[in-house]
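# Fold and geometry: a report
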Amino acid sequence: MSTEQTSIVGRDTVRVDGPRKVTGVAQYTSDFHFPGMLYAVPVAATIANGKITKLDTATAEKMPGVRAILHRGNIGKIFRSIPGPGFAGICEERRPPFEDDVVRYYGQYIALAVAETFETAKAAADAVRATYAAEKANVASHLVADEEPDEVMTTFGPRKRLDNQRGDPDAAFANAPVKLDYTYVTPFETHNPLEPHSTTAMWEGQTLTLYESSQGVVNLRSVLAQMFGLPIEQVRVITKFVGSGFGSKLWPWTLCPLAAAAARQVGKPVRLVLPRKMMFHAVGHRPLTQQHVRLGATPEGKLLSLHHDYVYTRSMLDAHHEDCGEATPFQYSVPNLRVSFGRAKRNVGGGADMRGPGRVPGLYATESALNELARQLNVDPVQLRVMNEPNIDESLGLPFSSRHLLECFQLGSEKFGWSKRNPAVGSMKRDGLTLGWGMAGCSWIAARFSAAANVQLRDDGTCRVASATQDIGTGTYTILAQLASERTGVPLDKVEVELGDTSLPEGPLSGGSIATGSVVNAVFAAADEAIGSLKMIAISTPGSPFLGHKPDELEFKDGKVFVKNGANGVPFSDVLRRANLRMASGNGQSAATFGDPKPKFSTQSFGCHFAEVTWQPEIARLRVSRVVTVIDAGKIINTLAGRNQIQGAVVMGVGMALLERTEYDPQNGAPINSSLADYLVAVNADAPSIEVHFLDYPDKEINQVGARGIGEIGLAGIAAAITDAVHHATGVRVRELPVKIEDLLV
Ligand code: MOS
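All right, on to the pattern of salt bridges then. Applying the stated criterion across every chain, the model contains 41 salt bridges. In this structure, the salt-bridge partner of Arg626 is Glu612, at a minimum N-O distance of 3.5 Å. In this pair, Arg626 is assigned in strand S28 (residues 621-632) and Glu612 in strand S27 (residues 604-616), connecting sequence segments 14 residues apart. Its relative accessible area of 0% is what places Glu612 among the buried residues.

Before going further, it helps to examine the packing of aromatic side chains. Tallied over the entire structure, the rule returns 21 aromatic pairs. A centroid spacing of 5.1 Å and a plane angle of 50° characterise the contact between Phe34 and Tyr211, whose relative ring orientation is tilted. Of this pair, Phe34 sits in the loop between helix H1 (18-22) and strand S1 (38-44) while Tyr211 sits in strand S12 (residues 207-212), placing them 177 residues apart in sequence. Seen in terms of ring centroids, Tyr310 and Phe341 are 5.9 Å apart; in terms of plane orientation they differ by 25°. Their pairing is stacked. Here Tyr310, found in strand S16 (residues 303-314), pairs with Phe341, found in strand S17 (residues 336-345); they are 31 residues apart in sequence, far enough to count as distant. For the pair Tyr310 and Phe341, a shared accessibility class is recorded, and that class is buried. A connected cluster of aromatic rings, assembled from ring pairs, spans Phe416, Trp418, Trp437 and Phe610. The ring of Phe173 has Arg294 sitting right over it, with the charged end atom 5.5 Å from the ring centre. The residue whose ring lies beneath Arg626 is Phe416, and the NZ or CZ to ring-centre distance is 4.0 Å.

Another point: the environment of Thr209. Note on placement: Thr209 falls in strand S12. Here the alpha-carbon distance between Thr209 and Lys51, two residues 158 residues apart in the chain, equals 33 Å. Sequence-distant contacts of Thr209, that is, excluding residues within four places in its chain, are made with Thr200, Ala201, Met202, Arg236 and Ile238.

Ordered by their spatial adjacency, 3 strands build an open sheet running S23-S24-S25, and the pairing between neighbours is antiparallel. Of all strands in the sheet, those with a lone pairing partner are strand S23 (554-557) and strand S25 (570-571), marking the two edges. As defined by bridge partners, strand S24 (residues 560-563) adjoins S25 across 2 bridges and the pair is classed as antiparallel. Along S25, the bridge assignment pairs Lys560 with Pro571. In this fold helix H12 (residues 515-540) packs onto S23 and S24, with an angle of close to 130° to the strand it touches most, S23.

Another point: unusual backbone geometry. The peptide bond linking Leu737 to Pro738 adopts the cis configuration, its omega dihedral lying at -10°. With respect to the secondary-structure elements, Pro738 resides in the loop between helix H15 (718-730) and helix H16 (741-744). One non-glycine residue, Asn568, lies in positive phi territory at about 55°. Positionally, Asn568 belongs in the loop between S24 and S25.

As a further point, take the side chain of Thr476. Residue placement: Thr476 occurs in helix H11 (residues 476-488). In this structure the side chain of Thr476 is engaged in a polar contact, spanning 3.2 Å, whose partner is the backbone oxygen of Gln470. Excluding residues within four positions of it along the chain, Thr476 makes contact with Thr469, Gln470, Asp471 and Leu499.

Before going further, it helps to examine the environment of Gln27. Residue placement: Gln27 occurs in the loop between H1 and S1. Residue classification places Gln27 among the partly exposed positions, given a relative accessible area of 34%. Distance in space between the C-alpha atoms of Gln27 and Ile514 is 24 Å, their sequence separation being 487 residues. The contact partners of Gln27, leaving out residues within four places of it in the chain, are Phe32, Lys240 and Phe241. From its side chain, Gln27 meets the backbone oxygen of Asp31 in a polar contact 3.5 Å long.

This next bit is on the pairing of strand S3 (residues 66-70). A large share of S3 lies buried, amounting to 4 of its 5 residues. Sheet topology note: the S3/strand S5 (residues 109-115) ladder contains 4 bridges and is antiparallel. Residue pairing in the sheet places Leu70 in a bridge with Leu112 of S5.

The subject of this paragraph is the pairing of S16. Most of S16 is tucked away: 11 of the 12 residues are buried. Here strand S15 (residues 289-297) pairs with S16 via 9 bridges, running antiparallel. By the bridge assignment, Arg294 is partnered in S16 with His307. Across 10 bridges, the pairing between S16 and S17 is parallel. In the sheet register, Tyr310 faces S17, and the bridge partner there is Phe341.

This next bit is on the packing of helix H14 (residues 639-658) against H15. It is at 8 Å that the axes of H14 and H15 come closest, and there the two elements cross at 55°. One finds that H14 runs oblique with respect to H15. H14 and H15 meet at a crossing whose hand is right-handed. Residues Val650, Gly653, Val654, Met656, Ala657 and Leu658 of H14 lie in contact with H15, whose contacting residues are Ile718, Ala719 and Ile722. When its residues are assigned to classes, the contact of H14 with H15 shows 8 nonpolar, 1 polar and no charged.

Now for helix H8 (residues 359-377). For H8, spanning 19 residues, the distance from its first C-alpha to its last is 26 Å, which sits close to the expected 27 Å at 1.5 Å a residue. Within H8, 17 of the 19 residues are buried, which leaves it mostly tucked inside the rest of the structure. Following H8 by one or two positions, Asn378 adopts a phi angle in the positive range, close to 60°.

In this structure, Leu295, Leu373 and Ile722 are the most contacted members of the largest nonpolar core, which totals 91 residues. Ala68, Tyr105, Leu230 and Ala261 belong to the second largest nonpolar core, which has 49 residues in total.

All right, on to the sheet that holds S16 then. If you walk across this open sheet you meet the 5 strands as S9-S17-S16-S15-S10, and the pairing is mixed. Both edges of this open sheet fall to strand S9 (162-166) and strand S10 (178-186), since each of them pairs with a single strand only. The average angle at which neighbouring strand axes cross in this sheet is 10°, direction not considered. Note: S10 against S15, 9 bridges, orientation antiparallel. Each residue of the ladder has a partner; that of Val178, found in S15, is Ala297. Taken strand by strand, H8 contacts S10, S15 and S16, and its axis lies near 145° from that of S10.

Definitions and cut-offs
Residues numbered from 1 in each chain as written. Predicted model: local features only at pLDDT ≥ 70, side-chain atom pairs only at ≥ 80, totals over all residues. Heavy atoms only, no water. Salt bridge = Lys/Arg side-chain N within 4 Å of Asp/Glu carboxyl O. Helix = DSSP H or I, 4+ residues; strand = E, 2+ residues; numbered from the N terminus. Buried < 20%, exposed > 50% of the residue type's maximum accessible area, 1.4 Å probe, protein only. Phe/Tyr/Trp six-rings, centres within 6.5 Å; stacked < 30°, edge-to-face > 60°. Lys NZ or Arg CZ within 6 Å of the ring centre and 35° of its normal. Contact = heavy atoms within 4.5 Å. Pairing = 2+ DSSP bridges. Axes fitted to C-alpha atoms, helices over the stretch in contact; angles between N-to-C directions. Polar contact = N/O pair within 3.5 Å; in protein donor to acceptor, adjacent residues only side chain to side chain. Parallel < 35°, antiparallel > 145°, perpendicular 65-115°, else oblique. Left-handed = near helix turned anticlockwise from the far one by under 90°. Nonpolar A, V, L, I, M, F, W, Y, C, P; charged D, E, K, R; others polar. Expected span 1.5 Å × (residues − 1). Core = buried A, V, L, I, M, F, W, Y, C linked by side-chain atoms within 4.5 Å.

Below you can see the structure in the form of structure tokens.
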């Protein structure tokens with residue numbers, strides 16, 4: 001292994017796949033073309049609740065170039081799927097497409113047109129006539145929890161609605177000298193990755209291959225195998241490049257079995273790319289949440305009680321759990337606590353994980369409540385948090401593997417200039433603008449999924465590292481290359497990375513900010529096995545300078561084989577060539593820690609945001625002008641890609657605080673702002689100056705490098721920091737996201 005000074009881990013490292021992306025060589029799912037390939041366009045329901053009474057496909061079927069109109073009567077057998085052990089068989093909407101005549105949400109697929117060109121398929125889809133018996137759609141945004149048992153089924157198994165409890169929260173709240181009691185609302189939000197969902201399915205006999213824009217090829221394979229009644233070795237999923245996903249591509253959606261069923265029927269490869277409008281229908285969204293937070297405290301600000309009782313929406317079909325209370329039991333010290341949830345069914349498409357699922361809306365609510373308590377008590381919000389810093393994870397009764405939140409607050413305060421804050425509302429000015437300053441803490445889970453990898457050392461001096469994980473734009477190609485380079489000494493430009501293919505060793509999902517942390521030990525173990533094999537080759541090849549040595553008398557350093565403590569190492573390529581071998585290959589495995597029933601530590605990343613807004617009351621213009629974010633996520637393997645991740649999350653946080661909301665039409669249940677013109681995401685013009693700092697405390701509980709994930713933590717807490725800054729500038733406290741200009745016109 002390389003020495004500390006020359007280590008490729010922990011450095012700014014440009015993307016190894018960058019040149020392929022900017023030269024157009026990188027193949028995204030819809031860049032793969034196949035002879036005879038046909039195009040499919042779904043027909044989407046135009047009601048959100050009711051039944052299809054008649055489906056007229058006659059005109060569409062007769063159009064020249066149309067190969068098939070799939071519908072309930074002719075789609076053929078598609079089975080259901082169930083979850084298996086680990087992350088296998090996970091799916092939010094289990095209903096096989098066209099299973100019945102019931103329409104449960106606007107945009108539900110009711111037929112599929114397959115034709116020789118995309119244009120013909122689109123025209124045919126438009127020519128399909130559906131007649132409905134419609135009922136009133138329920139897309140109401142005020143939530144009351146449905147009557148449900150104390151334990152409910154979710155995507156990941158049964159879950160008690162009384163999620164967490166300690167002490168006597170009701171009594172503690174009743175007797176608390178200081179009380180706070182507010183409800184915070186976060187809206188439906190829709191993932192808007194640049195690349196829409198796309199899939200291309202083809203069959204060779206009984207073998208199904210799917211090119212899919214996926215955040216989890218291994219899981220998708222297990223779902224498809226079940227749905228088509230195949231052994232998994234007869235299903236292959238390929239995802240080479242993904243134009244991001246934000247969680248929408250984490251679990252399979254019904255477009256995949258639809259494309260596969262169409263390809264089965266017409267005997268040709270079938271491509272299905274969703275138009276942007278359909279990205280708002282049946283490929284997930286962040287549920288609407290309504291979170292009731294109550295705090296009891298001493299006049300100094302020590303927390304006595306914390307209630308976090310929340311309700312969120314789900315569809316008629318999914319069991320997604322929006323885990324808003326995930327961080328509540330351990331983020332701060334509080335002796336009396338309750339976290340509970342309820343769900344309210346709506347006529348909307350399946351809910352899903354969206355960047356920072358659960359914890360992002362959850363921390364918006366609890367961090368906002370802390371900021372309001374600080375205001376109520378006239379205590380500095382940083383001080384309030386410092387005062388309530390726990391020594392251990394009070395819900396698990398376990399120490400944290402690594403928690404440096406106080407240092408985050410300290411560094412963030414310093415870099416932002418927090419000591420210059422005048423807390424009086426509207427008191428701070430710069431260049432004729434009113435300034436608002438706010439802050440919040442954040443956290444995200446750290447864990448490993450199971451992972452396997454293969455490393456080859458090759459006779460031309462190159463190294464290949466392979467794992468069936470994905471790069472969703474976050475930098476996984478580069479991370480894998482860095483890890484292989486770190487362990488083998490092969491320079492980065494001589495490392496080839498293969499991922500995104502289920503024929504490779506099973507890698508982790510690109511989700512939960514867990515992929516990076518999961519692959520470290522697997523890649524190192526694979527490299528070590530390849531190096532072990534190389535040593536055996538070195539001591540057994542006729543003519544080798546190492547002939548007759550025992551393997552443990554050799555060492556491998558910087559790509560060379562040495563006799564221990566000796567000089568004159570031999571490059572591994574020479575060792576291989578002398579033996580007439582193309583490669584020394586090794587496999588590595590790393591077990592999951594996610595879901596460990598008996599953990600020894602609470603493993604979390606922490607951080608904080610300090611945000612500045614500018615406010616011009618004369619013209620009602622609000623801007624986020626400056627954000628300083630400090631993240632404690634262990635060792636950052638690639639500091640450049642890492643900062644990019646946090647910057648991107650902060651920009652998304654500006655969108656969460658001020659812009660993003662999916663509006664469902666109460667008349668017909670349609671998501672009406674279903675375009676990039678009408679659904680507002682933060683763009684360059686909305687992006688503030690963003691300063692990102694990482695603490696650097698390797699967390700060896702997670703992996704040998706000590707790296708925890710950073711994909712999601714940057715979005716946690718930022719909306720609470722911004723809304724508190726809005727209050728500081730304007731005096732208006734908005735508790736329903738996003739903050740709208742009309743909220744501020746008081
Ligand atoms: Mo993320 S919501 O785990 O893709």
